[in-house]
Amino acid sequence: MNNTPIVTTSALTKVYGSDATQVTALNGVSAAFAAGTFTAIMGPSGSGKSTMMHCLAGLDTPTSGSVLIDGVQLVGMPDKELTKLRRDKIGFIFQAFNLLPTHTAAQNILLPLELSGSKVNPALFRNLVEALGISDRLNHLPSQLSGGQQQRVAVARALISRPAVVFADEPTGALDSRSSAGLLAFLRQAAQGGQTIIMVTHDPRAASYTDRALLLRDGQIVSDIAHPSEDTVMAAMKTLDN
Ligand code: ADP
Ligand code: MG
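Given the structure is predicted, the values throughout are model-derived calculations rather than measurements. (Residues numbered from 1 in each chain as written. Chains lettered and ligands numbered in written order. Predicted model: local features only at pLDDT ≥ 70, side-chain atom pairs only at ≥ 80, totals over all residues. Heavy atoms only, no water.)

Side note on the site of ligand 1
Alright, step 1. Lining the immediate environment of ligand 1, one finds Tyr16, Val23, Ala25, Pro44, Ser45, Gly46, Ser47, Gly48, Lys49, Ser50 and Thr51.
Alright, step 2. Glycine 48 places a polar main-chain atom, nitrogen or oxygen, 3.1 Å from an oxygen atom of ligand 1.
Alright, step 3. In this structure, an oxygen atom belonging to ligand 1 sits 2.8 Å away from a side-chain N or O atom of lysine 49.
Alright, step 4. In isolation ligand 1 exposes 560 Å². Once the protein is present, 58% of that is buried.
Alright, step 5. For the shell around ligand 1, the element with the highest residue contribution is helix 1 (residues 49-56), accounting for three residues.
Alright, step 6. Class assignment for the residues of the shell around ligand 1 results in four nonpolar, six polar and one charged. (Near = heavy atom within 4 Å. Polar contact = N/O pair within 3.5 Å; in protein donor to acceptor, adjacent residues only side chain to side chain. Areas by Shrake-Rupley, 256 points an atom, 1.4 Å probe, with all protein chains shown as cover. Helix = DSSP H or I, 4+ residues; strand = E, 2+ residues; numbered from the N terminus. Nonpolar A, V, L, I, M, F, W, Y, C, P; charged D, E, K, R; others polar.)

Right, here's the structure in full:
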């Protein structure tokens, strides 16, 4: 692990809508994420977790503030360049999977490589699908898979191109505890291998696999916990309820 931040955001603000229906989803978030670290983003529903992930990954445009990925400013970047940067450096595991319904599991996993014209690393492919327990589901369509299996296909798709930064929005949300533990161990290993993982989770046990937990409330970071244990995170989350 080195200490140079690969993701840096400052004064990140996102306001949705206008006038009466205006919602401030992010209210001046600043944070830096060192390369090779695994971070949990936590906080009550509606606190801005998904918005923060989307803005950091260049999938949504902040109202103000800056986002640097590997030293490059994302905010204001022309679409074409942004698409290329996302393809080269970022993996995103969506809360709603976003698999292509007409593609098999294997085709979905290999899609990012196809789009960038890169070759698959067969050892990595095998390693991923085995670690995620989907090797016997590769020829199935998403509609033939359970929610948990679809989620694991989405995880494999985000990791197959070995992106420097992986954003995961509740990647264990649809998994049973055994598959969860497997996926979390896998993400932790990816971070140890130098990838930077930023994961939204509600689960204190999932947070205990990470190096750091950031707690959001009302669009602001209210707590930054190093080496979070299940108990520390649970206690910190309780104070948010008040
Ligand atoms: P979380 O992921 O922590 O549950 P979100 O980032 O999804 O929170 O949402 C933060 C706030 O922004 C919520 O109040 C939500 O209703 C609002 N919000 C999110 N997306 C939109 C949108 N596209 N349009 C309007 N409001 C939105
Ligand atoms: Mg969310």
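Structural notes on the sheet that holds strand 10 (residues 220-226)
Alright, step 1. Taken in spatial order, the six strands of this open sheet run 6-7-8-3-9-10, and their pairing is mixed. The open sheet has two edge strands, strand 6 (90-93) and strand 10, and neither has a second partner. The average undirected angle you get between the axes of adjacent strands in this sheet is 15 degrees.
Alright, step 2. Sheet topology places strand 7 (residues 165-169) next to strand 8 (residues 196-200); five bridges connect them, and they run parallel. (Pairing = 2+ DSSP bridges. Axes fitted to C-alpha atoms, helices over the stretch in contact; angles between N-to-C directions.)

With respect to the side chain of asparagine 108
Alright, step 1. Take asparagine 108: it is sitting in helix 3 (residues 105-116).
Alright, step 2. Residue classification places asparagine 108 among the buried residues on the basis of a relative accessible area of 0%.
Alright, step 3. If near-sequence neighbours (up to four positions away) are discounted, asparagine 108 is found in contact with Leu99, Leu100, His103, Pro142, Val153 and Arg157. (Buried < 20%, exposed > 50% of the residue type's maximum accessible area, 1.4 Å probe, protein only. Contact = heavy atoms within 4.5 Å.)

Description of helix 3
Alright, step 1. When we look at burial in helix 3, the residues that qualify are Ala105, Ala106, Asn108, Ile109, Leu111, Pro112 and Leu113.
Alright, step 2. Contacts from the buried residues of helix 3 go to helix 4 (122-131) and helix 5 (147-159).
Alright, step 3. Of the residues one or two after helix 3, glycine 117 is the one with positive phi, at around 65 degrees.

Thoughts on the environment of leucine 175
Alright, step 1. On the secondary structure map, leucine 175 appears in the loop between strand 7 and helix 6 (177-192).
Alright, step 2. Overall, the relative accessible area of 12% leaves leucine 175 in the buried class.
Alright, step 3. Considered as a pair, leucine 175 and glycine 148 are 27 residues apart in the sequence and their alpha carbons are 4.9 Å apart.
Alright, step 4. Those residues in contact with leucine 175 that sit more than four places away from it in its chain are Gly148, Gln151, Arg152, Ser180 and Leu183.

Brief notes about the sheet that holds strand 2 (residues 23-34)
Alright, step 1. On the basis of which strands lie adjacent, the open sheet formed by four strands has the order 2-1-4-5 and antiparallel pairing. The open sheet is flanked by strand 2 and strand 5 (72-73), the only strands paired with a single partner.
Alright, step 2. In this structure, strand 1 (residues 5-16) lies alongside strand 2, joined through nine bridges in antiparallel fashion. Within the sheet, the bridge partner assigned to threonine 8 lies in strand 2 and is alanine 32.

As for the packing of helix 3 against helix 5
Alright, step 1. Their axes nearest at 7 Å, the elements helix 3 and helix 5 cross at an angle of 30 degrees. By the angle between their directions, the pair helix 3 and helix 5 is classed as roughly parallel. Crossing of helix 3 over helix 5 shows right-handed handedness. Across from Ala105, Asn108, Ile109 and Pro112 in helix 3, the residues of helix 5 making contact are Val153, Ala156 and Arg157.
Alright, step 2. Looking at the contact of helix 3 with helix 5, its residues break down into five nonpolar, one polar and one charged. (Parallel < 35°, antiparallel > 145°, perpendicular 65-115°, else oblique. Left-handed = near helix turned anticlockwise from the far one by under 90°.)

Structural notes on unusual backbone geometry
Backbone phi values are negative for most residues with the exception of glycine, while trans is the configuration of most peptide bonds.
Alright, step 1. Notably, alanine 11 is not glycine yet its phi reads approximately 50 degrees, a positive angle.
Alright, step 2. Taking relative accessible area as the criterion, alanine 11 reaches 41% and is therefore assigned partly exposed.
Alright, step 3. Positive phi, normally seen in glycine, also occurs at histidine 227, with a value near 45 degrees.
Alright, step 4. By relative accessible area, which is 65% here, histidine 227 ends up exposed.

Things to note about the environment of leucine 145
Alright, step 1. Mapped onto the secondary structure, leucine 145 falls in the loop between helix 4 and helix 5.
Alright, step 2. Overall, the relative accessible area of 8% leaves leucine 145 in the buried class.
Alright, step 3. Note: C-alpha distance between leucine 145 and isoleucine 134 (eleven residues apart in sequence) is 9.9 Å.
Alright, step 4. In contact with leucine 145, not counting residues within four places along its chain, are Ala105, Arg137, His140, Gln150 and Val153.

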